[in-house]
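Now for the letters of each chain:
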Amino acid sequence: MKTWLSHHRQAIVATLARMAQTPFATVFAVIAIGVALSLPAVLYVLLNNAARLAGTLPAQPEISVYMRMDATNAQIDDLRQRLKARTDLADFRFVPRDTALVELSKQAGVADISAGLTQNPLPDAWVLTPRESLPENITRIATALQALPYIDTVKQDSQWAQRLSAILGLGHDFVMLLAVLLGAALVAVSGNTIRLQILTRRAEIEVSQLIGATHRYIRRPFLYFGVLQGLFGGLAAWLVVAVSIYLLDRPVAELSALYHANFHLQSLGLMPGLTLLLSAMLLGGLGAYLTVTRTLFQTGAH
């Protein structure tokens, strides 16, 4: 066991020494890996923040029903009775037009909105809460109410949230596809770097084969080179993500303040960050393994 650990320690030290001997090539390779990994990572973080923002929305969808401006009290009572008779509604409430104008006037920036109005431009409205939040159930209720002659508009408040959820799902699928493609590119980058290492050390490899070195022994330093290169690239990608979110957080906070909200972007968490590093190391090691194994088979070291 001590000999085995000593061999691995020597391989790691030798790999770090070789990286230090070619600093420019190492830095450029790490930057290339970091940029390739940072793109899906940044998109993943932004999508998670968008999902977090969508999660702050009311979970229970509502239907807003706006009556015609000339609707009478009798028609309002008729609609109240119709809503009471519906078993697919969990709750409903009536919002008189005068109450709606007062609530609107209390909002920031429109305190004097009613000062220059000769009449109330807002209609009477109803806010309905369906018993089931299924899209087809909400659509059925809205269609039935829209057919009434004294109803002007029926709005399904959950439609945009459902569209946002669908867009987020599509975005996550796109990020996964992009991550797979860039992961393949990372394997190619790592393999190409290892191939150059093999070319510069071909004589050393041939001598090692002549004195009976196993293919595991020959492969070990190259595997560590790929793994460490992937690790440094993953750290660079994590740094790019952190800097990007830091730069974007202030504009996003200022935008949310305009909507009387306090929303800040969250960067890559600990577990996703560790997953990023582990993925980079595995992909770097995979590229190194494939390249070295191909070379060893070509030289008859299998």
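Residues numbered from 1 in each chain as written. Predicted model: local features only at pLDDT ≥ 70, side-chain atom pairs only at ≥ 80, totals over all residues. Heavy atoms only, no water.

Asks: So what's going on with the overall build of the protein chain? Residues and values would help.
Replies: Counting secondary structure elements, the protein chain contains 9 helices and 4 strands. For the protein chain, buried positions account for 35% of its 302 residues. Considering only intrachain contacts with a sequence separation of at least 6, the fraction spanning at least 24 residues in the protein chain is 82%. Surface exposure of the protein chain reaches about 18300 Å², of which carbon and sulfur atoms provide 64%. (Helix = DSSP H or I, 4+ residues; strand = E, 2+ residues; numbered from the N terminus. Buried < 20%, exposed > 50% of the residue type's maximum accessible area, 1.4 Å probe, protein only. Contact = heavy atoms within 4.5 Å. Areas by Shrake-Rupley, 256 points an atom, 1.4 Å probe, with all protein chains shown as cover.)

Asks: Any details on the side chain of aspartate 249? Residues and values, ideally.
Replies: Tracing the chain through its elements places aspartate 249 in helix H8 (residues 215–258). There is a polar contact of 2.8 Å between the side chain of aspartate 249 and the backbone nitrogen of leucine 265. Not counting chain neighbours up to four residues away, the residues in contact with aspartate 249 comprise His264 and Leu265. (Polar contact = N/O pair within 3.5 Å; in protein donor to acceptor, adjacent residues only side chain to side chain.)

Asks: Lay out a nonpolar patch on the surface in plain terms, naming residues and giving numbers.
Replies: A cluster of nonpolar side chains, Phe24, Val27, Phe28, Ile31 and Val35, forms an exposed patch at the surface whose accessible area comes to about 540 Å². Positionally, valine 27 belongs in helix H2 (residues 23–55). A relative accessible area of 45% means that valine 27 is categorised as partly exposed. (Patch = residues over 30% accessible without salt bridge, like charges linked within 9 Å, V, L, I, M, F, W, Y side chains within 5 Å. Salt bridge = Lys/Arg side-chain N within 4 Å of Asp/Glu carboxyl O.)

Asks: I'd like a rundown of the nonpolar core, residues and numbers included.
Replies: One finds Val65, Met67, Leu79, Trp126, Leu128, Leu145 and Ile151 to be the most contacted residues of the largest nonpolar core, which totals 18 residues. Listed by contribution, the elements that provide at least two residues to this core are strand S1 (63–67), helix H3 (73–85), strand S3 (125–130), helix H5 (135–146) and strand S4 (151–156). A per-element tally of this core places H5 first, with 4 residues. (Core = buried A, V, L, I, M, F, W, Y, C linked by side-chain atoms within 4.5 Å.)

Asks: Can you break down the sheet that holds S3 residue by residue, with the values?
Replies: Sheets are built from strands paired through backbone hydrogen bonds, the pairs being either parallel or antiparallel. Judged by pairing direction, the sheet is antiparallel, and its 4 strands sit side by side in the order S2-S3-S1-S4 without closing on themselves. Here the strands that pair on one side only, and so sit at the sheet edges, are strand S2 (89–95) and S4. Adjacent strand axes in the sheet meet at a mean angle of 15° when their direction is disregarded. With 4 bridges connecting them, S1 and S3 associate as antiparallel partners. Across the sheet, residue valine 65 finds its bridge partner in S3, namely tryptophan 126. Against the sheet, H3 makes contact with S1, S2, S3 and S4, and its axis sits at roughly 165° relative to S2, the strand it touches most. Its contacts with the sheet place H5 against S1, S2, S3 and S4, and it is angled at close to 170° to S4. (Pairing = 2+ DSSP bridges. Axes fitted to C-alpha atoms, helices over the stretch in contact; angles between N-to-C directions.)

Asks: Describe H3, with residues and values.
Replies: For H3, spanning 13 residues, the distance from its first C-alpha to its last is 19 Å, which sits close to the expected 18 Å at 1.5 Å a residue. Those residues of H3 lying buried are Ile76, Leu79 and Leu83. The arc that holds the buried residues of H3, viewed along the axis, is 65°, so those residues lie on one side. Facing away from the buried side of H3 by over 90 degrees, the exposed positions are Ala74, Lys84 and Ala85. For H3, the elements touching its buried residues are S1, S2, S3, H5 and S4. (Expected span 1.5 Å × (residues − 1). Arc of directions from axis to C-beta.)

Asks: Give a description of the environment of arginine 220 that names residues and reports values.
Replies: Along the chain, arginine 220 turns up in helix H8. Remark: the alpha-carbon pair of arginine 220 and tyrosine 289, spanning 69 residues in sequence, is separated by 9.1 Å.

Asks: Describe the pairing of S3, naming the residues involved and giving the relevant values.
Replies: Counting buried positions along S3 gives 6 out of 6 residues, so the element sits mostly inside the fold. Taking every second residue as pointing to the same face, both faces of S3 are buried, with Ala125, Val127 and Thr129 on one and Trp126, Leu128 and Pro130 on the other. Pairing analysis gives 6 bridges linking S2 to S3, with the strands arranged antiparallel. Among the inter-strand pairings, phenylalanine 94 is bridged to a residue of S3, identified as tryptophan 126.

Asks: Go over the packing of aromatic side chains with me, naming the residues and quoting the values.
Replies: Counting across every chain of the model gives 2 aromatic pairs. Both rings, one in phenylalanine 92 and one in tryptophan 126, keep their centres 6.0 Å apart while their planes meet at 50°; by these two values the pair is tilted. Remark: tryptophan 126 occurs in strand S3 and phenylalanine 92 occurs in strand S2; sequence separation between them is 34 residues. Taking the relative accessible area as the measure of exposure, tryptophan 126 reaches 1% and is therefore buried. A centroid spacing of 4.7 Å and a plane angle of 45° characterise the contact between phenylalanine 94 and tryptophan 126, whose relative ring orientation is tilted. Of this pair, phenylalanine 94 sits in strand S2 while tryptophan 126 sits in strand S3, and the two are 32 residues apart along the sequence. Here the aromatic cluster, defined as three or more aromatic residues joined through ring pairs, consists of Phe92, Phe94 and Trp126. (Phe/Tyr/Trp six-rings, centres within 6.5 Å; stacked < 30°, edge-to-face > 60°.)

Asks: Residue-level account of the pattern of salt bridges, with values.
Replies: One pass over the structure, following the stated rule, counts 5 salt bridges. One salt bridge connects arginine 68 with aspartate 70, and the closest N-O pair in it is separated by 3.4 Å. Across the pair glutamate 254 and arginine 250 runs a salt bridge whose closest N-O atoms are separated by 3.3 Å. With glutamate 254 and arginine 250 both in helix H8 and 4 residues apart, the pair spans about one turn of that helix. Under the relative-accessibility criterion, glutamate 254 is labelled partly exposed at 47%.

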